[in-house]
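One-letter residues, chain by chain:
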Amino acid sequence: MTQENGSGRLVRALDWRGAFWVAAGVPPLVLFSIGGIAGVAGKAAFVVWMISMMMGFLQSFTYAEMAGMFGNKSGGTSVYGATAWLRYSKLIAPLSVWCNWFAWTPVLSLGCAIAAGYILNALFPIPLTDSQAVLDWITANPGKTAEDAVAALTPFIRNWEALTLYVPGLGTLHFNSTFVIGVALMLVIFAIQHRGIASTAKSQKYMALVVLIPLLLVGLVPILTGSINSMNVTNIVPPTAAYSGADGAWDLGGWTLFLGAMYIAAWSTYGFETAVCYTAEFKNPKTDTFRAIFYSGLLCIIFFFMIPFAFQGVLGTSGMLAPGIVDGTGIGEALGGMVGGGPIITQIFVILMILALFLAIMTAMAGSSRTLYQGSRDGWLPRYLSKVNDHGAPTNAMWTDLAFNVFLLALASDADGYFYVLAVSNVGYITFNFLNLNAGWIHRVDSPHLDRPWKAPSLLIGFNTCLAFVNALFLGAGAKVWGYSNALWSGWIFAAFILPVFCYRHYIQDKGHFPKEAMEDLGLSDHGDMGPRRAGILPYVTLIAGVAVVLWANWFFQLPE
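### Brief notes about the overall build of the protein
Inference 1: A count of helices and strands for the protein gives 23 helices and two strands.
Inference 2: For the protein, the C-alpha radius of gyration of 23 Å lies close to 24 Å, the compact-globule estimate for 561 residues.
Inference 3: Dimensions of the protein, computed from the C-alpha atoms along their principal axes, are close to 85 × 55 × 50 Å.
Inference 4: The buried share of the protein, reckoned over its 561 residues, is 59%.
Inference 5: The long-range share in the protein, meaning contacts at least 24 apart out of those at least 6 apart in sequence, stands at 80%.
Inference 6: With an accessible surface of roughly 20600 Å², the protein has 66% of that area assigned to carbon and sulfur atoms.
Inference 7: Taking the 28 positively charged and 29 negatively charged side chains of the protein as two groups, their mean positions are separated by 13 Å.

Below is the structure:
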């Protein structure tokens, strides 16, 4: 991997601190679904975040070992883990990479949808029913209600919609004001990242400091001032039903809701593994990979433990179910209220929330585009994705990210579509994690000759293999919790779309052979020989067992009636 710009390859311009700052967009992801998880987990919500974060941290040690093995690769842990499956099935490797990509890339559309909501609320607010403007309108229009006044005083742009388009089996595309603003925000982020990873890391550093320090204070202030209501964080039980707000019990329905919350939380808490998406851009990958993911994990532990606990402790279950918390557009006001700030402080937090969303979106675009880039270089994805610009940025992959998310943004531009996109995309993320955690032990068996600059304890590799099946349980039980009974099947169908794409690239364009450099990364010289399958039938048994766990959990766990 070159050190020079304009070489047509990624540039080694990053150390672990730069990757840490790029991954600093992960902590704000807690705000994407904090209301939704409170809705399905009830008083157990903050416990869900803590357990999920600890699982993500432990799993990252498997990923750190694999990242160090492939110092010339970019694209993150899905790429490093996918190589372990090549000996057993050529189809599983591209499937793993694709699942990781379509799980991460919706951060762009979901984040831009929320940010657009904040901008609309700031510039074109909808009046409250008890506001002076509403009262004056009712006075001037006798016989009319507050609802009539709100409808009359709501700015035209809030209801403007150029087009709606129903897509059978998927949902309705909304081309409205949220969509237009969201696309504009995506283009701004694209322009920032166009200048390469070093420029992106520098932008992320300053933005992260501006966002994360106030967010940390929001978590600390209620704890230090005694604002946590112990009633909100004791008697930990799931609700009677999703979004009911009433305490339930640990029965079958309650466990189903809890597992559904664990399912969605993983989308955020595991995300700091993106810190090793840039191995091919590290100046010293042998030392930078472990440091990047380890310190990013510690940062996330602080935020994913503290913020949900503070939110729940102050707001309680009923406060967490407010529409603005659930859809994300009222988080800024809630943050200001938690530190006892007035209108000015609240507006500052609204601005910080928009910056936090930018932070998360930039992290997602940087990581997901490099997943596409490396998948192309390794012969799994279309060739055009491996093109980079003069600054070493994978622009074709970034444009693909952008185009796909314009479509998702149209789908996520209303509240119902938002959680549909999240639930379906997470099918890919949990599937990728299952395959990747098992890749750790497969690499140990099949590739003992590869150098491991950092090696995880064998006991932890084994424990993380068990966690792979815990994740499979979350997938089977949890995907249907979010109001879409077919989310599991929709996610797997979308995952299968990559198979004909791979077959065209591999069997027609590449004549059944992988690129030479992809084989050399595995320590194999003959691109026609994938090397010995020392693990025997165990990888196949693992796949069958994983599918069995998912299907059993999907059948056994049922939502409360």
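Still to come is the rest of the account.
### Details of a nonpolar patch on the surface
Inference 1: A contiguous nonpolar patch, built from W489, I493, F497, V547 and L551 and spanning about 470 Å² of accessible area, is present on the exposed surface.
Inference 2: Sorting the residues of the nonpolar patch by element identifies helix 20 (487–496) and helix 23 (538–556) as the ones contributing at least two each.
Inference 3: Its place among the elements puts W489 in helix 20.

### Remarks on the packing of aromatic side chains
Inference 1: The full count for this structure, using the stated rule, is 36 aromatic pairs.
Inference 2: Summarising the aromatic geometry, the rings of Y88 and Y540 are spaced 5.8 Å apart at their centres and angled 80° between planes, so their arrangement reads as edge-to-face. In this pair, Y88 sits in the loop between helix 4 (77–85) and helix 5 (92–104) while Y540 sits in helix 23, placing the two residues 452 residues apart along the sequence.
Inference 3: A relative accessible area of 29% places Y540 in the partly exposed class.
Inference 4: Both rings, one in F290 and one in W454, keep their centres 4.4 Å apart while their planes meet at 15°; by these two values the pair is stacked. Placement of F290 in helix 13 (residues 285–320) and of W454 in the loop between helix 18 (415–446) and helix 19 (458–478) is noted, with a sequence separation of 164 residues between them.
Inference 5: By relative accessible area, W454 is classed as partly exposed at 21%.
Inference 6: Members of the aromatic cluster, joined through ring pairs, are W16, F57, F61, F290, F294, Y295 and W454.

### Focus on the pattern of salt bridges
Inference 1: Under the defined criterion, the tally for this structure stands at five salt bridges.
Inference 2: In this structure, D247 engages K43 in a salt bridge whose closest nitrogen and oxygen atoms are separated by 3.4 Å. Taken together, the positions of D247 in the loop between helix 11 (197–224) and helix 12 (252–269) and K43 in the loop between helix 2 (30–41) and helix 3 (45–69) put the pair 204 residues apart, joining distant regions of the chain.
Inference 3: Here E65 and R452 are joined by a salt bridge, their closest N and O atoms 3.1 Å apart. You can see E65 sitting in helix 3 and its partner R452 sitting in the loop between helix 18 and helix 19, a full 387 residues away along the chain. Just as E65 is buried, R452 falls in that class too.
Inference 4: Within the structure, one salt-bridge network assembled from shared partners comprises E65, R444 and R452.

### So, the nonpolar core
Inference 1: If you look at the biggest cluster of nonpolar residues, it comprises 178 residues, and the most contacted ones within it are F32, I37, Y263, F311, I331, W380 and W482.
Inference 2: Per element, the largest residue contribution to this core is 17 residues, and it comes from helix 18.

### Re unusual backbone geometry
Inference 1: With a phi angle near 65°, Y243 is a residue other than glycine that sits in the positive phi range.
Inference 2: Position of Y243 relative to the elements: it lies in the loop between helix 11 and helix 12.
Inference 3: Note on Y243: relative accessible area 35%, which makes it partly exposed.
Inference 4: A positive phi is found at K511, a non-glycine position, where the angle reads about 55°.

### Remarks on the confidence of the model for the protein
Inference 1: Chain-level pLDDT for the protein is 86 on average; 93% of the residues reach the 70-or-more range.
Inference 2: Overall, residues 1–7 carries pLDDT values under 50, and its contacts beyond four positions in sequence, including any with other chains, amount to 17 contacts.

### As for the packing of helix 6 (residues 106–123) against helix 16 (residues 343–377)
Inference 1: One can describe the packing of helix 6 onto helix 16 by two numbers: an axis separation of 9 Å at closest approach and a directional angle of 165°. If you check the angle between helix 6 and helix 16, you find them roughly antiparallel. For the element pair helix 6 and helix 16, the recorded crossing hand is left-handed. Contacts from V107, L108, G111, C112, I114, A115, Y118 and I119 of helix 6 reach helix 16 at V350, M353, I354, L357, A360, I361, A364 and M365.
Inference 2: Of the residues that constitute the contact of helix 6 with helix 16, the class distribution is 15 nonpolar, one polar and no charged.

### Comments concerning helix 5
Inference 1: For helix 5, with 13 residues, the first-to-last C-alpha span of 19 Å sits near the 18 Å given by 1.5 Å per residue.
Inference 2: Burial analysis of helix 5 places 12 of its 13 residues in the buried class, which makes it a mostly covered element.
Inference 3: Within the span of helix 5, buried status applies to I92, A93, P94, S96, V97, W98, C99, N100, W101, F102, A103 and W104.

### Re the environment of A477
Inference 1: For A477, the location among the structural elements is in helix 19.
Inference 2: Expressed as a C-alpha distance, the spacing of A477 and I461, which sit 16 residues apart in the sequence, is 25 Å.
Inference 3: With residues up to four places along the chain from it excluded, the contact list for A477 reads T256, L259, A553, N554 and F557.

### What to know about the environment of K387
Inference 1: Structurally, the position occupied by K387 is in the loop between helix 16 and helix 17 (395–411).
Inference 2: The exposure class assigned to K387 is partly exposed, which follows from its relative accessible area of 49%.
Inference 3: With 77 residues separating them along the chain, K387 and A310 place their C-alpha atoms 45 Å apart.
Inference 4: Once residues lying within four places of it in the same chain are set aside, the contact partners of K387 are A393, P394, T395 and N396.

What counts, and where the lines are drawn
Within every chain, residues take consecutive numbers counted from 1 along the sequence as written. Totals for whole chains, interfaces and linings use all residues, but because this is a predicted model, local features are given only for residues with pLDDT of at least 70 and pairs of side-chain atoms are given and counted only at 80 or more. Only hydrogens and water are set aside; all other atoms, that is, all heavy atoms of the structure, feed into the side-chain values. Here a strand is any run of E in DSSP of at least two residues, a helix any run of H or I of at least four, and the numbering for each starts at the N terminus. The quantity called the radius of gyration is restricted to C-alpha atoms. Its globule counterpart is 2.2 Å times the number of residues to the power 0.38. Only protein chains enter the calculation, and the probe is 1.4 Å; a residue is then buried if its accessible area is under 20% of its type maximum, exposed if over 50%, and partly exposed in between. Contacts were defined at the residue level, with two residues in contact if any of their heavy atoms lie within 4.5 Å. Accessible surface area values rest on a Shrake-Rupley calculation with a 1.4 Å probe, where residue burial reflects the displayed protein chains alone. Positive charges are assigned to Lys and Arg, negative charges to Asp and Glu, while His and the chain termini are left out of the count. For the purpose of locating charges, the reference atoms are NZ of Lys, CZ of Arg, CG of Asp and CD of Glu. By definition, no residue in a patch forms a salt bridge, and every one has over 30% relative accessible area; like charges are joined within 9 Å, nonpolar side chains (Val, Leu, Ile, Met, Phe, Trp, Tyr) within 5 Å. Any carboxyl oxygen of Asp or Glu within 4 Å of a side-chain nitrogen of Lys or Arg constitutes a salt bridge here. Aromatic rings from Phe, Tyr and Trp, taking only the six-membered ring of Trp, are treated as a pair when their centres fall within 6.5 Å; an angle between ring planes under 30 degrees marks them as stacked, one over 60 as edge-to-face, and anything in between as tilted. As used in this record, nonpolar core signifies buried Ala, Val, Leu, Ile, Met, Phe, Trp, Tyr and Cys residues forming a set joined through side-chain atoms within 4.5 Å. Per-residue confidence from the predictor is reported as pLDDT, a score between 0 and 100. To obtain each axis, a line is fitted to C-alpha atoms, and for helices this fit is confined to the stretch in contact; angles are then taken between N-to-C directions over 0 to 180 degrees. These descriptions rest on fixed angle ranges, namely under 35 degrees for roughly parallel, over 145 for roughly antiparallel, 65 to 115 for roughly perpendicular, and the rest for oblique. Crossing chirality is assigned from the near helix's rotation relative to the far helix, an anticlockwise turn below a right angle marking it left-handed and a clockwise turn marking it right-handed. Three categories are distinguished: nonpolar for Ala, Val, Leu, Ile, Met, Phe, Trp, Tyr, Cys and Pro, charged for Asp, Glu, Lys and Arg, and polar for the others, with Gly belonging to the last. For a helix, the expected span equals 1.5 Å multiplied by the number of residues minus one.

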